[in-house]
Amino acid sequence: MSTELVTPEQAAHQDQRWRARWWPVVRRFLPVGVLVLLAAVPYTNLRIPVLFDRPLNAPGTLHLIAICLVFGGLALSYDLMFGRTGMLSFGHALYFAAGGYGTAILLAQTTWPLWTVALVAVVGATVLAAVLGSVALRTKGIAFAMVTLAFAQIGAIAASRNPGRLTGGEEGLSLDGRRLPEALVGVVNTVNLYWLALAFVALVAFVVHRIDDAPAGRVLAAVRDDDRRVDVLGLSPYRYRLLAFVIAGALAAIGGVVYVLLIGGANPGLTASDLTLSLLVMVVLGGPGTRWGPLAGGVVFAYLDHRLTAVGTSDVVERLPGVLSGPLSEPLFILGTVFILAVYFFPGGLAGLAQRLRGPGLRGARWLRGRGLRASGRTPS
Amino acid sequence: MSAAPPTSRALLSIVDLRVRIAGSQILQGVSFEAPATGVTVLLGRNGVGKSTTLKAILGLTPAGSQVTGEVLFDGVPLLREPTHQLVRRGLGYVPEDRGIFAGLTVAENLKLAERVPDPDYDTAYGLFPELKQRSRQRAGTLSGGQQQMLAIARVLLNPNRLLLVDEPTKGLAPRLVTEVADVVARVAETVPILLVEQNLGLVRRVGRDAVVLAAGTVAYRGPIGPLLDDEQLTRALLGVGSHSRVREKQPEAAPQAQGMSAAHGAGGTAQS
Amino acid sequence: MSTFILLLLTGLGLAGLYYLVASGLSLVFGLADVLNFAHGLFLSVGAYATWWAATNLPGAGSEGLGFVLAVVFGVVAGAVIASIVELVLIRPLYRRTIAQVLVTVGLSLAGVALLQAIWGADPRPFPRPAWASRVTMIGGAAVPNSSLLLAVSAAMVLAGLLAFLRFTRVGLVIRAGVEDRSMVTALGIDVRKAFTLVFAIGGAAAALAGILAGVQFSVVSPGQGTSLLIFGFIVVVIGGMGSVTGTAWAAAAVGLLQQFVNYYASGLGDICVVALLAVVLLVRPQGLAGVAGGAHA
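Residues numbered from 1 in each chain as written. Chains lettered and ligands numbered in written order. Predicted model: local features only at pLDDT ≥ 70, side-chain atom pairs only at ≥ 80, totals over all residues.

*Asks:* How would you summarise the overall build of chain C if you had to cite specific residues and measurements?
*Replies:* A tally of regular secondary structure across chain C gives 11 helices and 4 strands. The C-alpha radius of gyration computed for chain C amounts to 19 Å, which stays within 12% of the reference 19 Å derived for 297 residues, consistent with globular compactness. Taking the principal axes of its C-alpha atoms as reference, chain C extends roughly 55 × 45 × 35 Å. Counting all 297 residues of chain C, 64% fall into the buried class. In chain C, 75% of the contacts between residues at least 6 apart in sequence involve partners at least 24 apart. (Helix = DSSP H or I, 4+ residues; strand = E, 2+ residues; numbered from the N terminus. Rg over C-alpha atoms; globule rule 2.2 N^0.38 Å. Buried ≥ 20, exposed ≤ 12 C-beta atoms within 10 Å, placed from the backbone. Contact = placed C-beta atoms within 7 Å.)

*Asks:* Before we move on, could you go through the environment of A:Gly287 and cite the residues and values that matter?
*Replies:* In this fold, A:Gly287 is placed in the loop between helix H10 (273-286) and helix H11 (293-312). The spacing of A:Gly287 and A:Leu251 is 36 residues in sequence and 20 Å in space, taken between C-alpha atoms.

*Asks:* Summarise the interface of chain B and chain C; cite the residues concerned and give the values.
*Replies:* Each partner contributes to the interface: chain B provides 19 residues, whereas chain C provides 15 residues. Mapped by element, the contributors of at least two residues to the side of chain B that touches chain C are helix H2 (83-87) and helix H3 (106-113) of chain B. At 4 residues, H3(B) tops the list of elements feeding residues into the side of chain B that touches chain C. Here the residues of the side of chain B that touches chain C sort into 11 nonpolar, 4 polar and 4 charged. (Nonpolar A, V, L, I, M, F, W, Y, C, P; charged D, E, K, R; others polar.)

*Asks:* Account for helix H5 (residues 141-161) of chain A, with residues named and values stated.
*Replies:* Residues and elements named next belong to chain A. Across its 21 residues, H5 extends 30 Å between first and last C-alpha, which sits within 8% of the 30 Å expected from 1.5 Å per residue. Counting buried positions over the 21 residues of H5 gives 17, a clear majority of the element. Backbone geometry just after H5 places Asn-162 at a positive phi near 60°. (Expected span 1.5 Å × (residues − 1).)

*Asks:* Describe the confidence of the model for chain A, and please don't skip the residues or the numbers.
*Replies:* Residues and elements named next belong to chain A. Per-residue confidence for chain A gives a mean pLDDT of 81; residues scoring 70 or more make up 87%. Within chain A, the lowest mean pLDDT, 48, falls on helix H16 (residues 363-368), and the highest, 94, falls on helix H9 (residues 237-263). The model gives residues 360-366 a pLDDT under 50, and that stretch makes 20 contacts with residues more than four places away or in other chains. For the stretch residues 369-381, pLDDT sits under 50, and the model shows 47 contacts to residues farther than four places along the chain or on other chains. (pLDDT = per-residue confidence, 0-100.)

*Asks:* Describe the sheet that holds strand E1 (residues 10-21) of chain B, listing the residues and the values that go with them.
*Replies:* All names here are of chain B. The antiparallel open sheet is built from 4 strands, whose spatial order is E2-E1-E4-E5. The open sheet terminates on both sides in strands that have one partner only, identified here as strand E2 (24-35) and strand E5 (76-77). On the sheet, helix H1 (residues 50-58) packs against E1, E2 and strand E4 (66-73) and is oriented at approximately 75° with respect to E2. (Pairing = 2+ DSSP bridges. Axes fitted to C-alpha atoms, helices over the stretch in contact; angles between N-to-C directions.)

This is the structure in structure tokens:
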């Protein structure tokens, strides 16, 4: 073995070359690696003290992580419209709820097996998205946002008013365990639901990233930035927006199915505008238009929403003076405030922060800064 | 390229102005000066960035656009100042689309523009008596020519140190082009103007110095006469010949605000 | 016939409620391009402020002049909160429309949670004068006084707004700014001051809406603002953003439609309203009074 004397500069240079060579490879396989790791979680009884009360493979923990994953996927589906195509929809919850309620209602009213029910529900929700989207997309910007909100409100009203005794009203509709396949029933099978949620996230990531990388993805970005250019190319911005809208709706519907299986039923909370608003918060906190930002934002938000409720009712907070303990016991207060602060100080969200740590070029932040909503195609001033 | 006559001090100085809008670099380093008297004409082909230059000076570029460089108005840097403030330094703006408020009446449009306790309605109504007659009419129902007059009258209410005028004859019938030309010439006697215009007849009549934009920068800077006299140069920079059917009827005629003579006057606007 | 009169007047009452909610939204959006999601918060703030004042403010109560005092308190609270929101949260994000929308979203989530934390999520009984629970006989129909109160209040606010816009300088600036904001700045006018005023007006109108909704439904709850807000949005889109009269017509259409349809087929009224929205959008995307392809569609 020969000993080489290497100068610091040479060492740094070698280091750089190694990184330049291996980093792209690592980057490509990192998501798959993470997926494998996540899939393996149920096999470990690792404890993560502050984050989770129980070991990772406990049903309670798996359930929580699964919910976070569902919201991660849902947030990414929302970002297909918001971050990637520049559409501000306030009614995304409708398709999530359509998938969930569709499943619950069909299970209760028919004798079809779960997979048929799920398929019908998702297809139905997709058709709904196509119909409503084609009307809503006649407008842009703020008007579009309000229209989607109005449509979603109908869903909310339908869910809580319980027409024809279908939706179960305020209390929602629970799933009858006997109608579900054995593998998905019971606490002991939480792990299967967990993998289902993981599969959902993988699906959404796959679909959205494929679109990102395809020519269609570039058209969507062009539509987002300035749809006159798209017009000039002979492409129809309307069609591409509708495409994004429908795909996002379909993905949300699948998420709805998984979610309803996870929590054992559907309830009007699925249709609430608060849910869509939360999606918006998730996406912005994560970093709109970025590859993994929205997913991370969804996971973190769902986790905080759950944990903060626990923290809020914990002894630590109870002992604080009333003025503080009251608001702090409401997770949405904390999240809403954090969100406002984030808009000011971290417009690129988590992804922007990560980029900032790595170097210049804030894609998420630039996206938000100075971006005006065009109500009629004319830039505001 | 000959410089402006040394006796005219530069009122407006543009130094290396760069404007980026929605991802495309419109202006890539524009530098020129406008003196404190006379009409400086900003010329160039369609879409080269003439209007953008005016907007950049005033801070009216779309949200999200990036403007760098320096704009000095009588030594005061303008770029960081909010529009409403820098306008109050004595800048009057007549935009390309006239920018009048369709839902307001003519009188209200004028009233809105008042900046001083004693606005000069005499000059405004003197040049455009028709506006006084149509005081209570909704500005949206005015004809194109009348709207243009309103847009010009509006800036004349206040004391201005520099006027930025963007294509005042665009889309107007020949007879109106003459009227507007008369007004511009008259106004230019007392206030310097930075004028964007495609109608070379008008340009030749009122313009003193020319700044020609091409490919995002200044391609020519100098007196109007030599530029327009050089047919080849004009065609190369502006895409049209300088003598294409543009004629005035009486160059030095006293401006008749109601000059309605049907005589064949200045030709149509030179559209490239 | 008496049913018709009843439906007509209660429908107008509902229209009045929607108008109060929508007028502020419409102006704020028309002038400042801000989709104010926190508008629902102003509704709740007004309602809770009045509720609190009726029991805690000396001289205020749930009857007569005391009630008026409580209402005034609530309206002022709404205006003040709205002004603060504009100055502190919205103005620093001038021209960054999406960021402004996001901030109002965050504010609505946090604000409602805050109200919930302070006063609980359950509905509380709302103070109201005795006459508000009574009915007046008009043409054989027993019309609730609360509906009449709503309709009359909204009409007065509408008249007041129109007069303000028409006869004051600020009103002139607002009307022009709704059409073309940048041109107003090019005339040397600082539009941002008008923003705060418009926000304050919107906040006051919303507060009044929240208060009168409390009177009508006799309860107040933190989430009340959100459901009314959605109808406010619908009315604004149908009427055309930035148009005071367009909003009024749209509110009338929506309120009457909802009331009449709900009487004959309960629950269908809301769906009809959304269908109306869809139809208007298909036929005239800029709303009834909006300008085609104009500054704000």
